[in-house]
Amino acid sequence: MKNLNFDVVVKIGSMAMIQEEANDIDYNRICNLARALRPGYILVSSGATEIGRIDYLHRTGSELRGDLEEIKTDYSAQGQAILMSLYRQFVDPKYSVRQVLVEHTHFNDKEKAEHLRRFFYRAANQNAIPIVNYNDPLSDEETRRMEIAALRKESSAVVECVDNDETAAVVATLVGAKKLVILTSADGIYRDVQDPSTLIEEISGQTVQELEAKIDEAITYCKGASRVGANGAKAKLIYAKQAIENGTEVIIANAKYDLESILDGKVHCTVMRLQER
């Protein structure tokens, strides 16, 4: 097992940052998360596209129409600026905040991946908190698909990085994080999503193979997603495997809880870990 020496990678999903009823940003939730961040943590933050949509709607009274990929680009460019200003506003002022926009090439190219890894460690040593998101404003979907297809001809281990659950797992593996916390709008993984009593609070095994078999079983319980275009709980479990293979403990928890309580095991959530031998 790889020696782990980075603290925590945190990923927050788009719908965990939104007040759906009010069609607005959940400022309290973003504030609470930002205040919990410190050097040695990396935040992988979704939300730019959805927040950009909400901001555009509030300013103009209507939503964009036309090509869906272009709309996603426009919303995400608008939302990124808002997201970073919010994080800078609420993160402890003695810490720096550094934006990192990534695409699949940053992980599929060994030199670029090493460059990124060194950046993360420098940030930790310089009292800075990296905030990572996929580079939607500059990523062309058709080009990305062609590049991924070409890479798959050379290797089956290709990072696509469109889903930030995958991005977070890849980042956790890259830096050797002790824990990966995936914040969602649910308390974790359920055997029956309609029955809160079926929350799976721990998935563990003595070997990677045993743990992955249990994760595969949990995947069969996952159906649907919180929004169009999202991959839901199933994707979170699939991508978590890579981090777990590297020895990282993975936690899926509700973003309504404060990060410290989640890390201290004080809330109901789903924890995936290899058992100590």
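Residues numbered from 1 in each chain as written. Predicted model: local features only at pLDDT ≥ 70, side-chain atom pairs only at ≥ 80, totals over all residues. Heavy atoms only, no water.

K.L.:
Help me understand the overall build of the protein chain, please; the structure alone is not making it clear to me.
P.N.:
For the protein chain, the count of helices and strands is ten helices and twelve strands. Expected size for 277 residues packed as a compact globule is a radius of gyration near 19 Å; at 18 Å, the protein chain falls within 12% of this value. C-alpha extents for the protein chain along the principal axes are approximately 60 × 45 × 40 Å. Every one of the 277 residues in the protein chain was classed for burial, and the buried ones make up 51%. Considering only contacts in the protein chain between residues 6 or more positions apart, those separated by 24 or more positions represent 73%. Only carbon and sulfur atoms are counted for the fraction: they give 46% of the accessible area of the protein chain, which is about 14000 Å². Taking the 34 positively charged and 42 negatively charged side chains of the protein chain as two groups, their mean positions are separated by 4 Å. (Helix = DSSP H or I, 4+ residues; strand = E, 2+ residues; numbered from the N terminus. Rg over C-alpha atoms; globule rule 2.2 N^0.38 Å. Buried < 20%, exposed > 50% of the residue type's maximum accessible area, 1.4 Å probe, protein only. Contact = heavy atoms within 4.5 Å. Areas by Shrake-Rupley, 256 points an atom, 1.4 Å probe, with all protein chains shown as cover. Lys, Arg positive; Asp, Glu negative; His and termini not counted. Charge placed at Lys NZ, Arg CZ, Asp CG, Glu CD.)

K.L.:
Would you explain the nonpolar core in this entry?
P.N.:
The nonpolar side chains of a soluble globular protein tend to be buried with one another. One finds Val9, Phe107, Phe120, Leu180, Leu237 and Met272 to be the most contacted residues of the largest nonpolar core, which totals 41 residues. The biggest single contributor to this core is helix 7 (residues 164-175), with seven residues. When residues no more than four places from it in sequence are discounted, the contact partners of Phe107 are Val102, Ala113, Leu116, Val159, Cys161, Val170, Val171 and Leu174. In this structure, Ile18, Tyr41, Leu43 and Ala255 belong to the second largest nonpolar core, which totals 39 residues. (Core = buried A, V, L, I, M, F, W, Y, C linked by side-chain atoms within 4.5 Å.)

K.L.:
Please explain the environment of Met146 as it appears in this structure.
P.N.:
Mapped onto the elements, Met146 comes out in helix 6 (residues 141-152). In the structure, Met146 is positioned 46 residues away from Asp192 in sequence and 38 Å away in space, judged by C-alpha atoms.

K.L.:
Would you mind going over unusual backbone geometry with me for this structure?
P.N.:
A negative phi angle characterises most non-glycine residues, just as the trans form characterises most peptide bonds. The backbone of Asn23 sits at a positive phi, close to 50 degrees, despite the residue not being glycine. Within the fold, Asn23 resides in the loop between strand 2 (18-19) and strand 3 (24-25). With a relative accessible area of 24%, Asn23 lands in the partly exposed category. Look at Asn127: it is not a glycine, yet its phi comes out positive at around 60 degrees. The class of Asn127 is partly exposed, set by a relative accessible area of 40%.

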